[in-house]
Structures are given as C-alpha cells and as structure tokens.
There are 2 protein chains.
Amino acid sequence: MDDRELLDIICPVLGGEACSDDCAVLPEIKGIPVVSTDMLHETTDFPSGMTNWQIGWMAIAVTISDLASMGALPKYLTLAIGLDREDRLNDIIHGAQECCLKFGSQYVGGDLDAHTELTLVSTGIGVVTDGKPVRRSGARPGDLVGVTGIQGRAMAGLKGDRRYWRDLCEPSPRVLEGIAIRQAGATSMMDISDGLAISVHDIMKASGVGCELSRSEIPCLPDYKPDEALMMALFGGGDFELLFTISSIDRQILPKGTSIIGAVTEKQEILLDGNLLPAEGYRHNWNH
Amino acid sequence: MDDRELLDIICPVLGGEACSDDCAVLPEIKGIPVVSTDMLHETTDFPSGMTNWQIGWMAIAVTISDLASMGALPKYLTLAIGLDREDRLNDIIHGAQECCLKFGSQYVGGDLDAHTELTLVSTGIGVVTDGKPVRRSGARPGDLVGVTGIQGRAMAGLKGDRRYWRDLCEPSPRVLEGIAIRQAGATSMMDISDGLAISVHDIMKASGVGCELSRSEIPCLPDYKPDEALMMALFGGGDFELLFTISSIDRQILPKGTSIIGAVTEKQEILLDGNLLPAEGYRHNWNH
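Since this is a predicted model, take the numbers as computed values, not measurements. (Residues numbered from 1 in each chain as written. Chains lettered and ligands numbered in written order. Predicted model: local features only at pLDDT ≥ 70, side-chain atom pairs only at ≥ 80, totals over all residues. Heavy atoms only, no water.)

### Focus on the overall build of chain A
Heads up, the rule is: Only DSSP runs of H or I with at least four residues qualify as helices, and only runs of E with at least two residues qualify as strands; both kinds are numbered from the N terminus onward. For the radius of gyration, the atoms used are the C-alpha atoms, and the globule rule reads 2.2 Å times the number of residues raised to 0.38. For the exposure calls, accessible area comes from a 1.4 Å probe over protein chains only, and a residue counts as buried if that area is under 20% of its type's maximum, exposed if over 50%, partly exposed in between. We call two residues in contact whenever any of their non-hydrogen atoms come within 4.5 Å of each other. Here the open area of atoms and residues is found with the Shrake-Rupley method and a 1.4 Å probe, where only the protein chains shown may cover a residue. Counting rule for charge: Lys and Arg are taken as positive, Asp and Glu as negative, and neither His nor the chain ends is counted. Here the site of a charge means atom NZ of a Lys, CZ of an Arg, CG of an Asp or CD of a Glu.
If you tally the helices and strands in chain A, you get nine helices and 12 strands. For chain A, the C-alpha radius of gyration of 19 Å lies close to 19 Å, the compact-globule estimate for 288 residues. Summarising its shape, the C-alpha atoms of chain A cover approximately 60 × 45 × 35 Å along the three principal directions. Taking all 288 residues of chain A together, the buried fraction comes to 60%. Sequence-distant contacts in chain A: of pairs separated by 6 or more residues, those separated by 24 or more amount to 87%. About 11200 Å² of surface is accessible on chain A, with carbon and sulfur atoms providing 50% of the total. If you average the places of the 24 positive and of the 41 negative side-chain charges in chain A, the two averages end up 8 Å apart.

Structure, rendered in structure tokens:
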C-alpha cells in the first residue's frame, strides 16, 4: 500500500472533509488560543506490551494534558504518523480518535509518512474563553502548592504492577480539573508528566520563588511501602496530573481530588520536610 | 547535554515566553483558521549535502506551503524535533526561524526529543480574514487550470544540477501568490509538492471533474531538452508551487508568474494533449 491507499483507513475515522485538503479548515476560534506539540516514538515512549490502540491514545493524551495544564479546553488535534508497519495504522487511528472524543476534542487531520521507527507527533489547539491561560510563572510567596490525583501510578505500571498498567498506557489528562483550578484562581500550573520533583523545580524557577513541601501530604500509592511509594511519586514520570499554586483564600473552591502539598517561599529553594529536593525526573539525554 | 540544556539553544532564538510553558499562548485569532502538519525525516526528505540550516528551513516551508495553498496567511508555527546529534540543533533552529520570519510567521514553540533518525514535524496555523479558504473540491467544468512558477526545478536540483540546488533545499512557498489567487476568485487550489501530474489528479478527483492540459503551456525549465523538461515538470516532486482552477472571467486579475495550462472538463479524465496523463509522482511506500 502507499500513503494514498492508507488514507482510506484514516479518512472514514476522521469523517467529514478531514482528508480532502492541504489543511484542515477550523471554525472561528473565540477566546485565547494555546498550542502545543509533542513527539513520541517507540524506543523511548511506548513500553513493550502497549497496544497500538493505546499508542494512538497516548499520542493524543500527552498533548491534551499540555492544553489542560493551561486551564484550556482542548479543541483541535492533528497527528503526524511516521509508520513502520502498515498493519499498525488502523488501531493507532482509532485510539487517537477515541482519546479526542473522550476529552471533547476534534481530530482534524495529520500527516502520514513511512519511518523505520514508529514516531507520532500530535499538535493541539486549545482555547480559554473565560479568562486567561495559566502560566508557570505566576506563583507568589505564600501561595499553596497543589496537585491532582495520586502520584506514582505510571511508575508502578512500568515496574510491572498490572493494577497500574492502564494508568501507564492510557493516561487521562485532567481537562476538567485544569479548567476548574484555573477558574478557582490558580497563579501557576503545569503537568507533571516528567515527574513531580522536577516539575516543582520547573514551576518555581519560572516564577522566581521556592517552596516547602510536606512529605506526609504528597498523595502516594497506598499499597507500597511508604519510602518506595514516595520515591515513585516524586521521581517517576508518566503521571498526567497537574501541579499548581493558588492563594490560600482560593483553595476552598478547588475541585475534589486535589491535594495541598506545601507552600511557596520567597527563598529559591525546593525543600521536602526541610531537606533539599533534587531536580530529578525524566530527561532525554543525547549522550548515550 | 539533556533536553533542558538544549532548550538554552532554542529559547533565545524564539524569544519571549516561547519556552516557558506547556503551551504557547497565542493572540486571539480573527478570521477563519486553517491548520496543517508535516513530517520530514532524514532518509526520505533531506538529500545528502543539504545543510542543517536548510533542513530547518525546509521543515517550516513545507507547512507554510500547505497554508498558502488555502490562500491563508501563515501565522503560527510549531516544530517538534527528533534530534539524532545535538550539534545539528543550532543551525536547524536558525533555519526554521528564518523561514518563519521570511513569510511573516511566528515560531511559537515545539518539542525536543532524542531520535535515532533526524525527524522534524512542523505544524502551522494560518488564517483567512477576508473570505474563505480555498479547498480542492471547488473546480467546475469550464474553469481554467493554472499553476505558479516554473516546474521541475527541485527535480533538476536532485539530479545534481547545481543551478537548482537551492530551489530543492530552500523552497519558497507561494504565500502572497496564494492569497492573490484566492482573492482573484480561485475555485480550487493545492500545492504541487508531490508533483504536478499527481496533484492535477488529486484536485480534479476532489472536485469530481476532469481536465485537458496543453503540453505547450506547462512552464518547464528552458535549459533542458523539451521532453526531459516536461517529464521533470510533470512527475518531479519538491516544487512548492500552487495549482489552482479559476473561471475564465477572473483570470484577468491573477498575479504575475502564473500560467494557464488547461481547462476543467465534466468528463472525469485527465488528458495531456489528448492522451491520458498517469497519476504518477511522489508517494511513500510501505513495501520496501
């Protein structure tokens, strides 16, 4: 098959005119747009055992999570597919489409290419219609530090704990939580897909502040030894939860499932129970 | 270096807040948005001898060409980079940035990943503020068929003709021409990056019509034998020119540098001087 024949697999899934032009034509966008793009590929991003459907889902979910972290509604997604084997395409497309539909987004088009290593790049356009996108740089001393969900699930899945395999392979970006946290008055926000510890460093650095975290407040997996669960929560990546800061007055209107884990300080240090927390987490590295 | 250190190469080039959040925050978009994404990678898209700067330029130009083919103004570009060697990054970023600036676009962000094969995916958002994007599907019997520029230049470059090497490696998408052709009243349009012949098939199929082309009207390279020049014009890919249809009344207001090469017919056949023109051009193929 060549790419025009493979398009016959994609076009019926996307529907409408998604495949018929050089571009997708979108409805007019009302509000402030945000845009994000994410590259995933086999060797670094798709653990062995992950299905093609899950790979398609994941490729969309990572970008929807970036849109969610600004408090935006995910609107339009494109997916560029560097395909190594044509028999993988159908499931990838369906996984991607289901993830879009689940989070109220439209899969509007993409590109298809032959590649030696399966490589997926999604790009998302989100919109904030009632206020401003939340940036990383707005945390102020005295703000509280919060997170959504329970950390360490993806890491548990990666370690082979079957109970958390789907958390690893089919992450649910926190779209509604992101919007609710923005509306509650969050001063800064980002997702913690690279890991909680490194994300705390990122957000505080962007804001020119520090923070003190309390170990006992970090929501960890209950079925692991406390020390192990904490390490997984702090340094395991792949949890598509949100990290944010908010004034203590505004915390009353935070959505359920969020935890306050510390407070922002003027001093630019990241402390956990009084000790420096290293900026460790997932990083790509070019010196293999 | 890891990706956070490499970002120190990217961020000063992009400027402003491009690297500081999970998303780029865009100004409000007035008009009809169009979006396109394109994947390029070393083995299939970057001929040997192409510089890293040219690779960055090319990665942006292909997507700007897609936006141009709708008659849209290219506004915002993202670039996801799967990088094989860190020393390539600086030149790639600068080539991408210069291409954005040349065509009035803003390079607003991207993603950076380690990859075994250099892989670049650009996504562009364009806008049409005064009318509607031109689709492939609007050609009507009786319309004229037109193209911009001279076909076959990229193919000549690929064959080793140094006079056309830059046409191959630093294509200039027809942004202003696309807008002018839309404003003149084009009924359909697309770019011919896959080749002229296959693009004629695509646009006529999308419109449910056929056409008769005249060999003598196709703008070919003057410094090749006529038969060879024609083959290069029809079946060589990589020329980022525009193919369009327009009513004969509107042809008077077409921009300079466009050629009328035929007319749209009701019968769904693509003819060149009365003979069937094969739908050949550049296609990816999964059965190597």
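### Notes on the UniProt feature "binding site: Mg(2+) 1" (unreviewed entry) in chain A
As a reminder, the rule being used: UniProt positions are given in the numbering used here, feature names are shortened, and annotations may be inferred rather than shown by experiment. Polar contact is the term for a pair of N or O atoms within 3.5 Å; when the atoms are in protein, one must be able to donate a hydrogen and the other to accept it, and sequence-neighboring residues count only if both atoms are side-chain atoms.
Mapped onto the present numbering, the UniProt feature "binding site: Mg(2+) 1" (unreviewed entry) falls at A:Thr37, A:Asp38 and A:Asp111. For this annotated set, covering 75 residues, all C-alpha atoms fall within 14.4 Å of each other, a compact arrangement in space. Along the chain, the position of A:Thr37 falls in strand S2 (residues 32-41). Once residues within four sequence positions are removed from consideration, A:Thr37 is found in contact with A:Thr63, A:Val121, A:Ser122, A:Thr123, B:Thr78, B:Ala80, B:Gly110 and B:Asp111. Looking at A:Thr37, its side chain comes within polar contact range of the main-chain oxygen of A:Ser122, at 3.2 Å. Mapped onto the elements, A:Asp111 comes out in strand S4 (residues 106-114).

### Some thoughts on the relation of the copies chain B and chain A
The operation relating the pair of chain copies consists of a rotation about an axis and a translation along that axis. Put simply, the rule is: For this overlay, a least-squares fit was computed on C-alpha atoms, restricted to residues scoring pLDDT of at least 70 in both copies.
When chain B is brought onto chain A, the operation consists of a screw motion whose angular component is 180° and whose axial shift is 0.0 Å, with 0.0 Å RMSD remaining. Overall, the copies show the geometry of a two-fold rotation axis. Both copies present the same face, since 100% of the interface residues in chain B are matched by interface residues at the equivalent positions in chain A.

### Considerations on the interface of chain B and chain A
Note the threshold: Accessible surface is computed with a 1.4 Å probe, and the buried area is the amount of it that two parts give up when combined, taken over both parts together. The term salt bridge refers to a side-chain nitrogen of Lys or Arg lying within 4 Å of a carboxyl oxygen of Asp or Glu.
Counting residues at the interface gives 67 residues for chain B, matched by 67 residues for chain A. Contact between chain B and chain A buries roughly 5900 Å² in total, counting both sides, with carbon and sulfur atoms accounting for 52%. At the junction of chain B and chain A, the tally comes to four salt bridges. Summed over the shared surface of chain B and chain A, the result is 25 residue pairs in polar contact (both at pLDDT 80 or more).

### Observations concerning the sheet that holds S4(A)
Convention followed: Strand pairing follows a simple DSSP-based rule, namely that at least 2 bridges must link the two strands.
The mixed open sheet is built from five strands, whose spatial order is S4(A)-S3(A)-S5(A)-S2(A)-S1(B). At either margin of the open sheet sits one strand with a lone partner, and together these are S4 of chain A together with strand S1 (24-25) of chain B.

### Some words on helix H4 (residues 89-102) of chain A
The condition that has to hold: Each helix should span, by expectation, one fewer than its residue count multiplied by 1.5 Å.
Helix length check: H4(A) (14 residues) gives 20 Å between terminal C-alpha atoms against 20 Å at 1.5 Å per residue, within 8%. Just past H4(A), the residue A:Gly104 takes up positive phi, approximately 75°.

### Focus on the environment of A:Met50
Residues and elements named next belong to chain A. Checked against the element boundaries, Met 50 lands in the loop between helix H2 (42-45) and helix H3 (52-68). Along the chain, Met 50 and Asp 273 lie 223 residues apart, while their C-alpha atoms are 37 Å from each other. Setting aside residues no more than four positions away along its own chain, Met 50 makes contact with Asp 45, Ile 55, Met 58, Trp 165 and Cys 169.

### Some points on the UniProt feature "binding site: Mg(2+) 4" (unreviewed entry) in chain A
In this numbering, the UniProt entry assigns the feature "binding site: Mg(2+) 4" (unreviewed entry) to A:Asp22, A:Ser36 and A:Asp66. These annotated residues cover 45 residues of sequence, and their C-alpha atoms reach 25.9 Å apart at the extremes, leaving them scattered rather than at a single site. For A:Asp22, the position within the fold is in the loop between helix H1 (3-14) and strand S1 (24-25). With near-sequence residues (within four places) excluded, A:Asp22 lies in contact with B:Ser36, B:Asp66, B:Ser69, B:Met70, B:Arg136, B:Met190 and B:Asp191. Side-chain polar atoms of A:Asp22 contact the side chain of B:Ser69, separated by 3.0 Å.

### Details of the packing of aromatic side chains
Our working definition: Paired rings are identified among Phe, Tyr and Trp, the last through its six-membered ring, by centres lying within 6.5 Å, and are further divided according to the angle between planes into stacked (under 30 degrees), edge-to-face (over 60) and tilted (the rest).
By the definition in use, this model includes four aromatic pairs over all chains. With a centroid separation of 6.1 Å and an interplanar angle of 65°, the aromatic rings of B:Trp57 and B:Phe103 are classed as edge-to-face. Separated by 46 residues along the polypeptide, B:Trp57 in helix H3 (residues 52-68) and B:Phe103 in the loop between helix H4 (89-102) and strand S4 (106-114) bring together distant segments of the chain. By the ring-pair criterion, three or more aromatic residues cluster together here, those being A:Trp53, A:Trp57 and A:Phe103.

### Description of the sheet that holds strand S10 (residues 258-265) of chain B
Residues and elements named next belong to chain B. Selection criterion: Helix axes are fitted to C-alpha atoms over the stretch in contact, other axes to C-alpha atoms as well, and angles between N-to-C directions run from 0 to 180 degrees.
In spatial order, the strands read S7-S9-S6-S10-S8-S11-S12; together these seven strands make up an open sheet with mixed pairing. The open sheet is flanked by strand S7 (188-191) and strand S12 (275-276), the only strands paired with a single partner. One ladder, built from three bridges, connects strand S8 (residues 210-213) with strand S11 (residues 270-272); its direction is parallel. Directly across from Cys 211, in S11, lies its bridge partner Ile 270. Against the sheet, helix H8 (residues 196-207) contacts strand S6 (144-148), S7, S8, strand S9 (242-246), S10 and S11, and its axis sits at roughly 145° relative to S7.

### Some points on the pairing of S6(B)
All names here are of chain B. Within S6, five of the five residues are buried, leaving the element largely enclosed by the surrounding structure. Alternating residues of S6 divide into Leu 144, Gly 146 and Thr 148 and Val 145 and Val 147, and every residue in both groups is buried. Taken together, the four bridges between S6 and S9 define a ladder with antiparallel strand orientation. In the strand pairing of S9, Val 147 is matched with Leu 243. In the sheet, S6 pairs with S10 via five bridges, with the strands oriented antiparallel. Directly across from Val 145, in S10, lies its bridge partner Gly 262.

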